[in-house]
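# Structure at a glance
Here is how the chains run, residue by residue.
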Amino acid sequence: MTRFRTLDDAGDLKGKRVLVRVDFNVPMDQGRVTDATRIKRVLPTLQELVEAGAKVILLAHFGRPKGKPVAAESLRPIAEATARELGRPVAFAEDCIGEQAAAAVAALNDGDVLMLENTRFHAGEEKNDAGFVKALAANGDVYVNEAFSAAHRAHASTEGLAHVLPAYAGRLMQAELDALTKGLEAPARPVVAIVGGSKVSTKIDLLKNLVAKVDALVIGGGMANTFLHAAGLGVGKSLCERDLAGTAQAIIEAARENNCAIVLPVDGVVAEEFKAGAPHHTYGVDAIPETGMILDIGGLSVDRIAAVIDDARTLVWNGPVGAFEIAPFDQGTVAAARHAAARTKAGQLVSVAGGGDTVAALNHAGVSEDFTYISTAGGAFLEWLEGKPLPGVDALRQTA
């Protein structure tokens, strides 16, 4: 099992300048943070560093300023929100490098917290420029990465710093890496993956990687229609990428070669229009009317997914299995999510989920607190599922 350097390996941090890369790319409205979830999730690490007597220096990006200062994308209001959540002052520097940053860092006492201005105000951030990395590193003795959601980007503050300063995973990053390791790298078997969403085209790499790693792959949502079409079944006016029938067949063949069971819907909830409360009926997948759209899985398919989950010890979930945003086409996703949550609460399943739509769907089902781990990192979580390297994570791996 891969070992990552964590704060447990960092030793005594009293008086040390600790650069903490966070992802505070939070929702804003008229200069105020409207959802502080990402700030709240790193509070345990910040509090631990404060109590250890470290000088805590926060690095973050916000928006897409493209290498130039943009007043509307300043981190100042986010520093103020962080102070409210942390319950202690958070100083702010008008730049993340240079004299202003150095002066703000020099003014810190042990246990103080400082936020530096948006790292993306400098072009060197996204280019991972060595000179910019050096300028950032000048303000720190230790580097802590708490931004898994940005770990798929090889930027100066997410990857470059880890090569020039002693580097460790923060508690949030550690929890994420522990969960992902349990999900696919060293899972308890059997392992089941549920992959939903609208299009196969956005998840080809994901599906190809999973069929080589899991024991069963449940495919739902709009993408299931492409697989049904590839099997010669009519899907009416449902969302379907007919030109990817060959790709779907290739994924099915790869699954067969890897002894991975592909689980497709056997029935679907069908309506003639996509709107809340639209008249609907459940049909077997071999009897979908030409004028209908499959908008959710039916009861038999829910039972089939539940049976697969019952046989599993590990579940990885990315994407809803129906159009959960609109009732009554949320019922399949909700039922499957609640079944997985119940198995998890009973200690019979390790459940790891992630991706924006997935998080929203599990929140809608009221089970977010019951899964083993839910990742809010969209791109990084998806690239991990796809088996792609994550530069910010790889830089924290133990070499000894």
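Predicted, not measured: the structure shown is a model, and the values here were computed from it.

### Focus: empty space enclosed by the protein
Taken as a whole and assessed by the stated rule, the structure comprises two cavities of 30 Å³ or more. Of the voids in this model, the largest cavity is the one considered here, and its volume is about 130 Å³. If you trace the largest cavity, you find 13 residues lining it, with Asp-23, Glu-146, Ser-149, Leu-172 and Thr-376 closest to the centre. If you list the elements that add at least two residues to the lining of the largest cavity, you get α1 (37-41) and α7 (171-185). Partitioned by chemical class, the residues of the lining of the largest cavity number five nonpolar, three polar and five charged. The two domains that each donate at least three residues to the lining of the largest cavity are domain 1 (7-173) and domain 2 (187-386). Of the voids in this model, the second largest cavity is the one considered here, and its volume is about 40 Å³. Residue classes in the lining of the second largest cavity are distributed as six nonpolar, one polar and one charged.

### Describing the sheet that holds strand β10 (residues 216-219)
In space, the six strands of this open sheet follow the order β11-β10-β9-β15-β16-β17, with parallel pairing throughout. Sheet topology places β11 (261-263) and β17 (373-375) at the edges, where each strand pairs with a single neighbour. Direction aside, the axes of adjacent strands within the sheet are offset by 15° on average. Pairing analysis gives three bridges linking strand β16 (residues 350-354) to β17, with the strands arranged parallel. By the bridge assignment, Val-352 is partnered in β17 with Tyr-373.

### Considering the UniProt feature "binding site: ATP" (unreviewed entry) in the protein
In this numbering, the UniProt entry assigns the feature "binding site: ATP" (unreviewed entry) to Lys-203, Glu-325, Gly-355, Gly-356, Asp-357 and Thr-358. Within this annotated set, the largest pocket is lined by Lys-203, Glu-325, Gly-355, Gly-356, Asp-357 and Thr-358. Mapped onto the elements of the fold, Lys-203 is located in the loop between β9 (191-195) and α8 (204-210). You can call Lys-203 buried: its relative accessible area is 11%. The residues touching Lys-203, leaving out its near neighbours within four places in the chain, are Val-195, Gly-196, Gly-197, Met-223, Asn-318 and Gly-319. By the element assignment, Gly-355 lies in the loop between β16 and α13 (356-365). For Gly-355, a relative accessible area of 8% gives the class buried.

What counts and how
- Residues numbered from 1 in each chain as written.
- Predicted model: local features only at pLDDT ≥ 70, side-chain atom pairs only at ≥ 80, totals over all residues.
- Heavy atoms only, no water.
- 1 Å grid on protein atoms, 1.4 Å probe; cavity = no way out; pocket = protein on both sides within 12 Å on 5 of 7 lines; lining within 4 Å.
- Points joined across faces, edges and corners; volume = space filled by probe spheres on them.
- Helix = DSSP H or I, 4+ residues; strand = E, 2+ residues; numbered from the N terminus.
- Nonpolar A, V, L, I, M, F, W, Y, C, P; charged D, E, K, R; others polar.
- Domains from an automatic or database assignment.
- Pairing = 2+ DSSP bridges.
- Axes fitted to C-alpha atoms, helices over the stretch in contact; angles between N-to-C directions.
- UniProt positions renumbered as here; feature names shortened; annotations may be inferred.
- Buried < 20%, exposed > 50% of the residue type's maximum accessible area, 1.4 Å probe, protein only.
- Contact = heavy atoms within 4.5 Å.

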